[in-house]
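Each chain is listed here by its residues.
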Amino acid sequence: MSSIIEIEHLKKSFGDNPVLKDISMNVNKGEVVTIIGASGSGKSTFLRCINLLETPTDGKIMYLGENVLAPGYNLPKYRTHLGMVFQSFNLFNNMNVLQNCMSGQVTVLGRKEEEARKVALENLEKVGMARFIDAKPAQLSGGQKQRVAIARALSMNPEVMLFDEPTSALDPEMVGDVLQIMKKLAGSGLTMVIVTHEMAFAKEVSDRVIFMDKGVIAEQGTPEDIFVHPKEARTKEFLHRVLHPEP
Ligand SMILES: Nc1ncnc2c1ncn2[C@@H]1O[C@H](COP(=O)(O)OP(=O)(O)O)[C@@H](O)[C@H]1O
Ligand SMILES: [Mg+2]
């Protein structure tokens, strides 16, 4: 398999707080990688470093073999290759659903309105939101907003989609719909990096599971390796805690 992204010795500190401590990993084309770990272990910071919403303190991020942190690298272009879906949707509240899915295509990719509309509609269809093109985000449920956010990110035709706990802010009855769509995307060959608390989902869709603990990758492997035969004590302890919560 060929790597799309290779991360080498990535470090990130906020002031004197070292949040990411020497992380190396790669993402292969078509691969679904999930990242699990306790709150505060650095999962969001790691995703935000991958798409440079945060600037790493040290280390390399290679995209198709080129270091994106090297002087002169075209960062705006790099960012267009990565789609991001946030826990809190981050839709443009003053725009309707269709405009949300079109605006980046026009302003960032320079697509014509007509093409942008076509691509937006295709992706809204994929997530079951084509009927809602005229709605404003405030008129939608959390699950519907997240489906629009996914369609918006897909409309940019990214090489890799990054998801940061896309179902954590949803009412329980909405979680299934969003996970179903993500499963479909995973099955379609899209390259995905997903931070999630949904262990059953992670077990089912992942090619590889990464367990992060206190700013390092403590263990990684297949879903079977991590969920059935974890090696590290801290992986076992974390899984026990999330799969058998105290009443
Ligand atoms: N912008 C920031 N400024 C200062 N500290 C931050 C910032 N973002 C995250 N942190 C700190 O980094 C640590 C890891 O946070 P985060 O990456 O959000 O973890 P997770 O997503 O695993 O819950 C936390 O201690 C958090 O307070
Ligand atoms: Mg987080």
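Residues numbered from 1 in each chain as written. Chains lettered and ligands numbered in written order. Predicted model: local features only at pLDDT ≥ 70, side-chain atom pairs only at ≥ 80, totals over all residues. Heavy atoms only, no water.

- Looking up the protein in an unreviewed UniProt entry gives the name Amino acid ABC transporter ATP-binding protein, with the organism given as Candidatus Enterococcus murrayae.
- Per UniProt, the protein has the following entry under Subcellular location (unreviewed entry): "Cell membrane".
- In its Sequence similarities (unreviewed entry) section, the UniProt record describing the protein reads: "Belongs to the ABC transporter superfamily." (UniProt positions renumbered as here; feature names shortened; annotations may be inferred.)

1. Notes on the pairing of strand E3 (residues 32–36)
Okay, step 1: Counting buried residues along E3, five of its five residues qualify, which places the element largely inside the surrounding structure.
Okay, step 2: In E3, alternate side chains face the same way, and those of Val32, Thr34 and Ile36 on one face and Val33 and Ile35 on the other are all buried.
Okay, step 3: Pairing analysis gives four bridges linking E3 to strand E8 (residues 191–195), with the strands arranged parallel. Within E8, the residue paired with Val32 across the bridge is Met192.
Okay, step 4: Of the pairings in the sheet, the one linking E3 to strand E9 (residues 208–213) comprises four bridges and is parallel in character. In the strand pairing of E9, Val33 is matched with Arg208. (Buried < 20%, exposed > 50% of the residue type's maximum accessible area, 1.4 Å probe, protein only. Helix = DSSP H or I, 4+ residues; strand = E, 2+ residues; numbered from the N terminus. Pairing = 2+ DSSP bridges.)

2. As for the nonpolar core
Okay, step 1: Ile150, Met161, Phe163 and Met192 are the most contacted members of the largest nonpolar core, which totals 38 residues.
Okay, step 2: Taken together, the elements giving at least two residues each to this core come down to helix H3 (97–107), helix H4 (113–126), helix H5 (142–154), strand E7 (160–164), helix H6 (172–187), E8 and helix H7 (199–205).
Okay, step 3: Considering each element in turn, this core owes the most residues, eight residues, to H6. (Core = buried A, V, L, I, M, F, W, Y, C linked by side-chain atoms within 4.5 Å.)

3. Looking at the sheet that holds E7
Okay, step 1: Strand order in the open sheet formed by six strands is E6-E7-E8-E3-E9-E10, and the pairing between neighbours is mixed. With one partner strand each, in any of the chains shown, strand E6 (82–85) and strand E10 (216–221) form the two edges of the open sheet. On average, adjacent strands in this sheet sit at an angle of 20 degrees to one another, irrespective of strand direction.
Okay, step 2: Of the strands in this sheet, E3, E6, E7, E8 and E9 are in contact with helix H1 (residues 43–50), which crosses E7 at around 155 degrees.
Okay, step 3: Strand contacts of H5: E6 and E7, with the helix running at about 170 degrees to E6, the strand carrying the most contacts. (Axes fitted to C-alpha atoms, helices over the stretch in contact; angles between N-to-C directions. Contact = heavy atoms within 4.5 Å.)

4. Side note on the pattern of salt bridges
Any two side chains of opposite charge can pair, on the condition that their charged atoms come close.
Okay, step 1: Tallied over the entire structure, the rule returns 10 salt bridges.
Okay, step 2: Between Glu31 and Arg208 there is a salt bridge whose closest N-O contact spans 3.0 Å. Of this pair, Glu31 sits in the loop between strand E2 (17–28) and E3 while Arg208 sits in strand E9; the two residues are 177 residues apart in sequence, bridging distant segments of the chain. A single burial state applies to Glu31 and to Arg208, both of which are buried.
Okay, step 3: When salt bridges with common partners are traced through the structure, they connect Asp213, Lys214 and Arg234 into a single cluster. (Salt bridge = Lys/Arg side-chain N within 4 Å of Asp/Glu carboxyl O.)

5. Let's talk about the environment of Met156
Okay, step 1: With respect to the element layout, Met156 can be found in the loop between H5 and E7.
Okay, step 2: Along the sequence, Met156 and Gly40 sit 116 residues apart, while their C-alpha atoms lie 30 Å from each other.

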